[in-house]
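One letter stands for each residue in the lines below.
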Amino acid sequence: MRHIISVLLENESGSLARVVGLFAQRGYNIDSLTVAPTEDATMSRLTLVTHGNDQVIEQITKHLHKLIEVVKLQDLSESAHVERELMLIKVKATSNEQRDEVKRCADIFRGQIIDVTAKTFTIQVVGTSDKLDAFIEALKGSVIMEVARSGVSGISRGEKTLTL
Amino acid sequence: MTSQNTKTEMLSGAAMVIRALADEGVEYLYGYPGGAVLHIYDALFQQSKVKHVLVRHEQAATHMADAYARASGKAGVVLVTSGPGATNAVTGIATAYMDSIPMVVLTGQVMSHLIGGDAFQETDMLGISRPIVKHNMSVRRPEDIPYLIKKAFYIAQSGRPGPVVLDIPKDMTMPNERYPYQYPETLKLRSYNPTAAGHPGQIKKAVTALLQAKRPIIYSGGGVIMGQASEELTALARKLNYPVTNTLMGLGAYPADDSQFIGMLGMHGSYEANMTMHHADVILAVGARFDDRVTNNTKKFCPHATIIHIDIDPASISKTINAHIPIVGLVKPVLAAMVAQLEQKKTKPDSKALESWWQQIEAWRSVHGGEYQQDTPVLKPQAVIEAVSRITKGEAYVTSDVGQHQMFAAQYYKFNKPNRWINSGGLGTMGFGLPAAMGVKLNYPDADVVCVTGEGSIQMNIQELSTCKQYGLAVKIINLNNGYLGMVKQWQDMNYESRYASSYMDSLPDFVKLAEAYGHVGIRVTKPEELEPALERAFALKDQLVFLDIHVDPKEHVYPMHVPGGAMHEMFLSKTKRT
Ligand SMILES: Cc1cc2nc3c(=O)[nH]c(=O)nc-3n(C[C@H](O)[C@H](O)[C@H](O)COP(=O)(O)OP(=O)(O)OC[C@H]3O[C@@H](n4cnc5c(N)ncnc54)[C@H](O)[C@@H]3O)c2cc1C
Ligand SMILES: Cc1ncc(C[n+]2csc(CCOP(=O)(O)OP(=O)(O)O)c2C)c(N)n1
Ligand SMILES: [Mg+2]
């Protein structure tokens, strides 16, 4: 099963390496990983997407907890949550026909064209990972030059928070 | 608390390191100097509270500190230089990590501004040690040193203990730059707060399950030793009259001479311990981690048992074997709470069921009572350990290396007290035994300290005989010399049709002369009748290190031994017999 785990981490040098090292050392998967400071400068929030059976996920959360710099964590996928990923995608768009087609497609996915040249479009799309996958799929007719995805970030719905 | 009129002391970073250790109550520091730590060594030289032991190889420093921790329960402290000094300490750090031993390792580092530039003797010690430490940190501002040292001790010694590395760039210790020194008395971390007492509801459930058991067993491990809970464990076991088995790391937590003790369990565990485990209906696992050398095939592990598991580390629980009643907490308070509940309960264990269970266990005991061939012309290693156990009345500190001799020591020495059996279980580090014995002897000079080793293992840190001379460490070395890397040979006998690929060591030194060359006493024993007098003489020489080079049967195997891939109760009992 796919899980999204959000971690509040002491903002100390090496703490990110410790998290990544844990996954490598114990043979757990990381499908995506994002990390950035929070409104409290002493803490970072890290969100990682992983998969495994219940026993593996249990061990992952236990081992994350054990890391001295992990302040708190939450398995977002255990309850109602919102998740988003951002993608920047550069496609070849030379002929008018191509340009129209890409634009139409971007509109359907509520994408924004954020850079234009005579030969290329760069589109920004935000959504769940599935939606981004679907957008790539929809562009199969065009030439995709480059894809940059942010990895998943997420937050619980309602009152529930992951804070100190 | 500092009162307003006491002036805060101003100390250099180097002086703060040593002063903080003194304030932490550290008596000995084990280490080896080098460029990056010379300021610290100079500060060490200028005081007398913290004493330094100069080893001959940094690995030995880590094992000395580690063994001190295993014997005392307090973190041992190591100081090494950057680069090769730090990397030489790696095996010792990993050894402590695998057995959850508290240790603080101070590693020198190149000047901060040189880090990352492949400077002379620079290694990324934080990176290297990350997977084998409980935590590691580096000093970024000299004024943080007291706090970081306090933090290192706090983390190393609390919760599930483990080694902590503190990397100290040389410019953090400049002798002429002084900063206010104050050692924190206590410390609280928002991100680290291990629970101590177990969940009361879970404890209640556990007591009920224990009282309902018809075929119970208590399986206790290293957590009871390091958690100083041997008394509580013994009280609980006696109250219930349930059989007790110990892991390799747990030996001594329950007295070996007691009739409720049924020996070690696992790969080389006793027949009765493994049989009792396999047939049990309730297993109380205390501070033990269901290691693969215990469980054998996890799919076939103890099919009838309800498992109660007490462990301070949630990640140990249901890691390899699912626990039905998990209790996260320190063994000491949890066991004490269980004993207290039993005292109040009217329900008693099912005495009839227990009686027939004990009859069954006694029957198993008589199948393979650890017998080995007697009256042979060549000395049996088992007989040597039995003699050592007899002469030291089961009260010596016994350290060991890794191999057959280690298993014989575990099986045949009668450990009646906790913290006396000191060996590398999780990493299985050859070379551990001698430095470990040194660490114990230094701190317990009046105790008998025995190092059980093999001619292979002893040569991995034999240079420490020189350190022993310098510090007058009168340990007794029992070298069970079988001329082979015996444990490897045993596997080759059993699995590779006795093709001894590199398990025979040619050109062994004359260990007696070698001991003498280092200034010690050496005694060679080649015949059974020489054993007792040699041991008597060795233990009578209170102030001398005695190296007993004892020639034992090269053909001997360790039994029982689990059948690979089988259940707990599937064992080879001798070269010709299996269950
Ligand atoms: C050649 C060789 C053969 C071996 N054969 C065997 C064998 O036959 N049988 C055997 O048992 N082992 C054997 N071992 C050792 C084996 O590899 C493991 O090291 C050992 O089984 C682990 O012991 P343990 O379960 O007691 O755990 P330890 O490694 O001692 O771990 C202790 C556990 O207790 C917990 N803990 C620590 N402190 C506390 C506390 N205060 N409160 C609560 N919990 C705490 C920890 O979180 C951990 O889970 C062998 C090793 C070698 C090298
Ligand atoms: C550092 C290290 N290298 C290799 C091993 C693998 N190993 C385990 S036991 C053993 C043989 C030990 O021989 P010896 O010390 O003579 O003991 P014996 O088994 O003969 O009693 C070896 C090589 C190990 N445990 N540690
Ligand atoms: Mg040998």
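Every residue gets a number counted from 1 within its own chain, in the order that chain's sequence is written. Lettering for chains starts from A, numbering for ligands starts from 1, and both go in the order in which the items are written. A pLDDT threshold of at least 70 governs which residues receive local features in this predicted model, and a stricter bar of 80 or more applies before side-chain atom pairs are shown or counted, although totals over entire chains, interfaces and linings include all residues. Side-chain numbers here rest on the full set of heavy atoms in the structure, without hydrogens or water.

**What to know about the packing of aromatic side chains**
Stacked, tilted and edge-to-face are the three classes assigned to paired rings of Phe, Tyr and Trp, where Trp is represented by its six-membered ring and a pair needs centres within 6.5 Å; plane angles under 30 degrees give stacked, over 60 edge-to-face, the rest tilted. Evaluated as defined, the whole model comprises 13 aromatic pairs over all chains. Consider the rings of Phe415 of chain B and Trp421 of chain B, whose centres lie 5.2 Å apart with planes at 45°: the pair is tilted. A single burial state applies to Phe415 of chain B and to Trp421 of chain B, both of which are buried. Just above the ring of Phe121 of chain A sits the side chain of Arg99 of chain A; from NZ or CZ to the centre is 4.7 Å. One Lys or Arg, Arg420 of chain B, reaches over the ring of Tyr397 of chain B and ends 4.4 Å from the middle of that ring. Only protein chains enter the calculation, and the probe is 1.4 Å; a residue is then buried if its accessible area is under 20% of its type maximum, exposed if over 50%, and partly exposed in between. Whether a charge sits over a ring depends on NZ of Lys or CZ of Arg being within 6 Å of the ring centre and within 35 degrees of the ring normal.

**Some words on the interface of chain B and chain A**
Taken together, the contacts link 20 residues of chain B with 23 residues of chain A. By buried area we mean the combined loss of accessible area, with a 1.4 Å probe, across both parts when two parts are placed together. Both faces combined, the contact of chain B with chain A buries some 1600 Å², and carbon together with sulfur accounts for 45% of it. Interface area lost by chain B to chain A is led by Arg130, Arg190 and Ser191 of chain B, which between them contribute 39%. When a carboxyl oxygen of Asp or Glu lies within 4 Å of a side-chain nitrogen of Lys or Arg, that pair is called a salt bridge. The tally of links from chain B across to chain A stands at 2 salt bridges. Secondary structure elements are defined from DSSP: runs of H or I of at least 4 residues count as helices, runs of E of at least 2 residues count as strands, and each element is numbered from the N terminus. Of all elements in the fold, only β6 (135-138) and α7 (145-157) of chain B reach the threshold of two or more residues within the side of chain B that touches chain A. Nonpolar residues are Ala, Val, Leu, Ile, Met, Phe, Trp, Tyr, Cys and Pro. Charged residues are Asp, Glu, Lys and Arg, and all others, Gly as well, are polar. Residues of the side of chain B that touches chain A, tallied by class, amount to 8 nonpolar, 4 polar and 8 charged. Two residues form a contact once any of their heavy atoms are found within 4.5 Å.

**Details of the UniProt feature "domain: ACT" (unreviewed entry) in chain A**
Mapped onto this numbering, the UniProt entry gives "domain: ACT" (unreviewed entry) at residues 4-78 of chain A. Secondary structure across residues 4-78 of chain A comprises 32% helix and 37% strand; the distance between its end C-alpha atoms is 9 Å. UniProt positions are given in the numbering used here, feature names are shortened, and annotations may be inferred rather than shown by experiment.

**So, the domain arrangement of chain B**
Residues and elements named next belong to chain B. What counts as a domain boundary in this text is fixed by an automatic or database domain assignment. For chain B, the domain assignment lists domain 1 (9-181), domain 2 (200-365) and domain 3 (381-558). Measuring from the centre of the C-alpha atoms in domain 2 to the corresponding centre in domain 3 gives 31 Å. Taken residue by residue, the interface counts 17 residues in domain 2 and 18 residues in domain 3. In total, domain 2 and domain 3 occlude about 1400 Å² of area from one another, counting both sides; carbon and sulfur atoms represent 59% of this.

**Considerations on the environment of Asp100 of chain A**
Its location among the elements puts Asp100 of chain A in helix α3 (residues 96-108). Along the sequence, Asp100 of chain A and Thr47 of chain A sit 53 residues apart, while their C-alpha atoms lie 36 Å from each other.

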